[in-house]
Amino acid sequence: MKILGISGSPRRGQNCEKMIGVALKLAKEKGFETETFFLSNKDIAPCKACGTCREKDSCVIDDDMEKVYEKMKAADGIIVAAPVYMGNYPAQLKALFDRSVLLRRKDFALKDKVGAALSIGGSRNGGQEKTIQSIHDWMHIHGMIVVGDNAHFGGIAWNPAEGDAVGMQTVSETAKKLCDVLELIRKK
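Residues numbered from 1 in each chain as written. Predicted model: local features only at pLDDT ≥ 70, side-chain atom pairs only at ≥ 80, totals over all residues. Heavy atoms only, no water.

### Focus on the packing of aromatic side chains
Note the cut-off: To pair, rings of Phe, Tyr and Trp, with the six-membered ring standing in for Trp, must have centres within 6.5 Å; the planes then decide the type, stacked if under 30 degrees apart, edge-to-face if over 60, and tilted in the middle. Relative accessible area decides the class of each residue, using a 1.4 Å probe on protein chains only: under 20% of the type maximum gives buried, over 50% gives exposed, and in between gives partly exposed. Secondary structure elements are defined from DSSP: runs of H or I of at least 4 residues count as helices, runs of E of at least 2 residues count as strands, and each element is numbered from the N terminus. Comment: the charge-over-ring label is applied if NZ (Lys) or CZ (Arg) is within 6 Å of the ring centre and within 35 degrees of the ring normal.
Across all of its chains, the model carries 2 aromatic pairs by this definition. Here the aromatic rings of Tyr89 and Phe97 are separated by 5.1 Å at their centres, their planes lie at 85°, and the arrangement is edge-to-face. Comparing Tyr89 with Phe97 shows no difference in burial state: the two are buried. Relative to Trp138, the ring of Phe97 lies with its centre 4.2 Å away and its plane at 10°, an arrangement referred to as stacked. With Phe97 in helix H3 (residues 91–99) and Trp138 in helix H5 (residues 128–141), this residue pair connects regions lying 41 residues apart in the sequence. Of the two residues examined, Phe97 and Trp138, each falls in the buried class. Here a set of aromatic residues connected by ring pairs shows up, and it is made of Tyr89, Phe97 and Trp138. Above the ring of Phe32, the side-chain terminus of Arg186 is found at 5.6 Å from the ring centroid.

Okay, here's the thing in structure tokens:
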């Protein structure tokens, strides 16, 4: 089974990519195949709401979104990490989420995939829960199975991630829960 880690941060090599790295390392140790998609080195334009994807299997915007469509369709689980920007995830991730409507319109291509969310903010209570809830909303809209960290909503860290042992434990617990649910699905 395959898990896709999406970093929704425009900042290369920073907290979200580190959190995805921790989560996917744990998944690899449990025998999962992993793949990443980092918005920090991709170009994804906002949706134009042109409606073309109602009839076609591709978007009219020529950018890196086609690559993530294929990765999302191939994944059994998706874990999304986002920094808090003004109380929610950044515009770059919003563009990816909006453009994913194509997958919803194409027979709910993400339905029943397992999803989890991670977030990091500038303080312990810096908007991470709201950001995670917004990521969960996107997952629910696609019909995904949403998991948390066995105690709360998902991985919630405080900047810098590597200095937040408590937060990084919630990242690990979220990744474990994602793997556990995928294992249950595989057994059925």
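### Concerning the UniProt feature "domain: NADPH-dependent FMN reductase-like" (unreviewed entry) in the protein chain
The test is simple: UniProt positions are given in the numbering used here, feature names are shortened, and annotations may be inferred rather than shown by experiment.
Within this numbering scheme, the UniProt entry marks residues 1–150 as carrying the feature "domain: NADPH-dependent FMN reductase-like" (unreviewed entry). End C-alpha atoms of residues 1–150 are separated by 21 Å, and the span's content is 35% helix alongside 19% strand.

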